[in-house]
Amino acid sequence: MNAAIKPKLVLTGFMATGKSAVGRALAARLNRRFIDSDQEIVARAGKSIARIFAEDGEAAFRALEQEIIAELAASPEAAVIATGGGALVDDANYAALSRVGTLVCLVARPEVIARRVAASNVARPKLMQGEMALEERIAQLMEERKTAYARAEITVDTSDLPVGRVADRVLRRLQGKE
Ligand code: S3P
């Protein structure tokens, strides 16, 4: 659609910022396949992310995440990829993804994320570590990951926007119109 768009469009950002929903909307608009790296991990492991964390530990999850991301980056197919919220923190993942794709970071205010997480039925083990209140834990983890997310080329705040408007904004930013 646009020469400036690399073969992969990669959605990154904190949990519950809308990466999968916006990724699907972008894939439809760009007529590309949508890939959710977390879903690929679940398929390969044959169990949910919550179970991978509980039974094998976070390190095993991160190793699998790195393996899947390297494979996705190596495939020549044009696609929109939504990554898990911790993926970009890893330098190897960042290197692999930034080589083949444009990185788009979705952000949202901690209270908005807390509301979305509370309303969702997706288990998020990283938010259940420690004794902190949900919003406080979100703010803490966000702070830890700030520099990793800042490596994305485009950042869009999804706190007050519906999915379709976020997708439109990402496309306008990609085309240099905003
Ligand atoms: C994680 C985010 C999750 C999932 C896993 C770890 C993280 O993905 O990959 O629970 O460390 O932020 P979502 O961002 O899609 O919730």
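In case you missed it, the structure is sitting above this.
On a predicted model such as this, the values are computed, not experimentally measured, just so you know.

Explain the sheet that holds strand β5 (residues 154-157) here, please?
Sheets are built from strands that pair by backbone hydrogen bonding, the pairs being arranged parallel or antiparallel. Spatially, five strands are ordered β2-β3-β1-β4-β5 in an open sheet, and the strand pairing comes out parallel. Of all the strands in the sheet, the pair left with one neighbour each is β2 (33-36) and β5. Each strand of the sheet is rotated relative to its neighbour by a mean of 20°, with strand direction disregarded. As judged from the four bridges shared by β2 and strand β3 (residues 79-82), these two strands associate in the parallel manner. Each bridged residue has a counterpart across the sheet, and for F34 the counterpart in β3 is V80. Taken strand by strand, helix α8 (residues 163-174) contacts β1 (8-13), β4 (101-107) and β5, and its axis lies near 155° from that of β5.

I keep staring at the environment of T147 and nothing clicks. Help me out?
Tracing the sequence through the fold places T147 in helix α7 (residues 134-149). Residue classification places T147 among the exposed positions, given a relative accessible area of 62%. For the pair formed by T147 and L88, sequence separation is 59 residues and the distance between their alpha carbons is 10.0 Å.

I keep staring at the side chain of T12 and nothing clicks. Help me out?
Its place among the elements puts T12 in strand β1. Taking relative accessible area as the criterion, T12 reaches 0% and is therefore assigned buried. Filtering out sequence-adjacent residues up to four positions away, T12 remains in contact with K19, T83, L88, V104, C105, L106, Y149 and A152.

Explain the packing of helix α2 (residues 37-45) against helix α4 (residues 58-74) to me, please; I cannot follow it from the model alone.
In a pair of packed helices, the angle between the axes and the distance between the axes together describe the arrangement. Where α2 meets α4, the closest approach of the two axes is 10 Å, and the angle between their N-to-C directions is 115°. For the element pair α2 / α4, the angle class is roughly perpendicular. In the crossing of α2 with α4, the sense of the turn from one axis to the other is right-handed. Together, S37, D38, E40, I41, R44 and A45 of α2 and F61, L64, E65, E67, I68, E71 and L72 of α4 make up the contact between the two elements. Each residue belonging to the contact of α2 with α4 can be placed in one class, and the counts come to six nonpolar, one polar and six charged.

Just to check I follow, could you spell out the layout of surface pockets for this structure?
To locate leftover empty space, one rolls a probe as large as a water molecule over the atoms. Size it by volume and the largest pocket reaches roughly 700 Å³. In this structure, the largest pocket is lined by 31 residues; those nearest its centre are M15, S20, D38, V122 and R124. Mapped by element, the contributors of at least two residues to the lining of the largest pocket are α1 (19-30), α2, α3 (49-56) and α4. Residue classes in the lining of the largest pocket are distributed as 12 nonpolar, 10 polar and nine charged.

Rules behind the numbers
- Residues numbered from 1 in each chain as written.
- Predicted model: local features only at pLDDT ≥ 70, side-chain atom pairs only at ≥ 80, totals over all residues.
- Heavy atoms only, no water.
- Pairing = 2+ DSSP bridges.
- Helix = DSSP H or I, 4+ residues; strand = E, 2+ residues; numbered from the N terminus.
- Axes fitted to C-alpha atoms, helices over the stretch in contact; angles between N-to-C directions.
- Contact = heavy atoms within 4.5 Å.
- Buried < 20%, exposed > 50% of the residue type's maximum accessible area, 1.4 Å probe, protein only.
- Parallel < 35°, antiparallel > 145°, perpendicular 65-115°, else oblique.
- Left-handed = near helix turned anticlockwise from the far one by under 90°.
- Nonpolar A, V, L, I, M, F, W, Y, C, P; charged D, E, K, R; others polar.
- 1 Å grid on protein atoms, 1.4 Å probe; cavity = no way out; pocket = protein on both sides within 12 Å on 5 of 7 lines; lining within 4 Å.
- Points joined across faces, edges and corners; volume = space filled by probe spheres on them.

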